[in-house]
Amino acid sequence: MAEYDVVIEHVDKTFPGNTRAVIDFNAEIEQGEFVSMLGPSGCGKTTLLRMIGGLEEATTGRIFISGKDVTDLPPSHRDTSMMFQSFALFPHRTVFQNVEFSLKMRGMDKDQRAAKVWNMLETVAMDQLATRRPSDLSGGQQQRVALARALISEPTVLLLDEPLGALDYNLRQTMMVELKKIQQETGITFIMVTHSQQEAMSMADKVIVMSDAMVQQIGTSREIHETPRNRFVADFIGNNNMFKGVIQSRSGSMVFVQANDQLYYIRVPEYIRQVPIGQEAHFSVRADLMHTGDHPDMANKVRGSYVATEFLGTLETDVFEIEPGHFVHVEQHRKLSDTSYQIGEMETLSFTADSGMLLEEARKPEDLDL
Ligand SMILES: Nc1ncnc2c1ncn2[C@@H]1O[C@H](COP(=O)(O)OP(=O)(O)OP(=O)(O)O)[C@@H](O)[C@H]1O
Ligand SMILES: [Mg+2]
């Protein structure tokens, strides 16, 4: 059996005034895993993190850390450490003193403390700036001090709430790599809250996608990217093209869906048991699995008029309108020498039957038998 550091069982949080911030949350987090919780503003991420850390009481459900039920224990008895978005460093103390603080509180002797602090400052590459005060540091440096301060107590689990939120784009890219490196070096379980898909997908071993106070999907970045389970996840994970239609018929693991006056032939994932024939259904096609041109080997084709191109290095996304207001994104590597489209130019877009993913409805609080 896998060693779980954190187990969350049927956790609910209802705030006074009947705000349901977290509903029936279940997750198992392995030792040394880097987990990110991803979802839009207000979906309950911070509340869940605070419940794991003991800063907020769960209304119902149990939370276990290293096999021990900590649901009713205060933060100081949980072996967790929390890093806040604002860093919350002590302004009048030096970098060294900020990191040293919790060891001093625990009554560790001076030499032992110093050795540990220097070691930690080296890990986060802040040993050269140990005598500075937070106001004389850049955002990224403050972030590293906050990280060192959270890690110095050697928690089983480090809880990070939007740790990179205050940093500008370039620094965020650098710190993402560093955070991941430090996590791997220390082997501490990280649970990180973010609303950035890129942060979640690039750093985490496991991603928990939330919306509406509920878990929508738990999986590796690859699983979430390749097999979004429902409409919310497919839509939220950015590079999916969404289609709405009516299921005409089923043949084995495939269905015909009528959408935009066309018949599409797409795959039914094995976890979808009931295919509602004659009813409305949604499917998605990843932008990188959508192709321009008429490909004879691809079952699905649709015509669209060229709208715009978005560039990201050598990767470009061409946008086509296939019916008023319905835009399809085609992501591909193109060379400068490739011909460019004129606005309004018609093009055929193709995708294979396997690229289409039939989607379940998103989980909603009202679906639960409460
Ligand atoms: N102390 C509180 N009292 C009442 N309602 C609260 C309290 N804290 C949070 N909420 C509500 O619970 C819901 C979830 O809040 P939470 O802070 O967990 O969201 P979040 O996912 O972290 O959002 P963000 O990305 O904006 O930080 C929101 O509707 C919020 O208004
Ligand atoms: Mg939050």
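What counts as what
Residues numbered from 1 in each chain as written. Chains lettered and ligands numbered in written order. Predicted model: local features only at pLDDT ≥ 70, side-chain atom pairs only at ≥ 80, totals over all residues. Heavy atoms only, no water. Buried < 20%, exposed > 50% of the residue type's maximum accessible area, 1.4 Å probe, protein only. Helix = DSSP H or I, 4+ residues; strand = E, 2+ residues; numbered from the N terminus. Domains from an automatic or database assignment. Contact = heavy atoms within 4.5 Å. Buried area = accessible area lost by both parts, 1.4 Å probe. Salt bridge = Lys/Arg side-chain N within 4 Å of Asp/Glu carboxyl O. Axes fitted to C-alpha atoms, helices over the stretch in contact; angles between N-to-C directions. Parallel < 35°, antiparallel > 145°, perpendicular 65-115°, else oblique. Left-handed = near helix turned anticlockwise from the far one by under 90°. Nonpolar A, V, L, I, M, F, W, Y, C, P; charged D, E, K, R; others polar. Pairing = 2+ DSSP bridges.

**Some thoughts on helix 1 (residues 45–53)**
Within helix 1, 7 of the 9 residues are buried, leaving the element largely enclosed by the surrounding structure. After helix 1 finishes, the residue Gly54 shows a positive phi value of roughly 85°.

**Looking at the domain arrangement of the protein chain**
Along its sequence, the protein chain is carved into domain 1 (4–226) and domain 2 (241–367). Inter-centroid distance (C-alpha atoms) of domain 1 to domain 2 is 38 Å. Between domain 1 and domain 2, the residue contacts involve 8 residues of the former and 6 residues of the latter. Together, the buried faces of domain 1 and domain 2 total about 710 Å²; carbon and sulfur atoms form 46% of this surface. Inspection of the domain 1/domain 2 interface yields 0 salt bridges.

**Focus: the packing of helix 2 (residues 95–105) against helix 3 (residues 110–123)**
Packing of helix 2 against helix 3 brings their axes to within 10 Å, and their N-to-C directions diverge by 130°. Classified by the interaxial angle, the pair formed by helix 2 and helix 3 is oblique. Of the two elements, helix 2 crosses helix 3, and the hand of that crossing is right-handed. Contact residues: Val95, Phe96, Val99, Glu100, Leu103 and Lys104 in helix 2; Arg113, Ala114, Lys116, Val117, Trp118, Met120 and Leu121 in helix 3. Its residues assigned to classes, the contact of helix 2 with helix 3 shows 9 nonpolar, no polar and 4 charged.

**Overview of the sheet that holds strand 9 (residues 206–211)**
With mixed pairing, the 6 strands of this open sheet are ordered in space as 6-7-8-3-9-10. Either end of the sheet is taken by a strand with one partner, and the two such strands are strand 6 (80–83) and strand 10 (214–219). For this sheet, the mean angle separating the axes of adjacent strands, direction not counted, is 20°. The pairing of strand 9 with strand 10 spans 5 bridges and is antiparallel. Residue Met210 lies in a different strand from strand 10, and its bridge partner there is Val215. Running over the sheet, helix 4 (residues 139–151) touches strand 6, strand 7 (157–161) and strand 8 (189–194) and is turned about 165° from strand 6.

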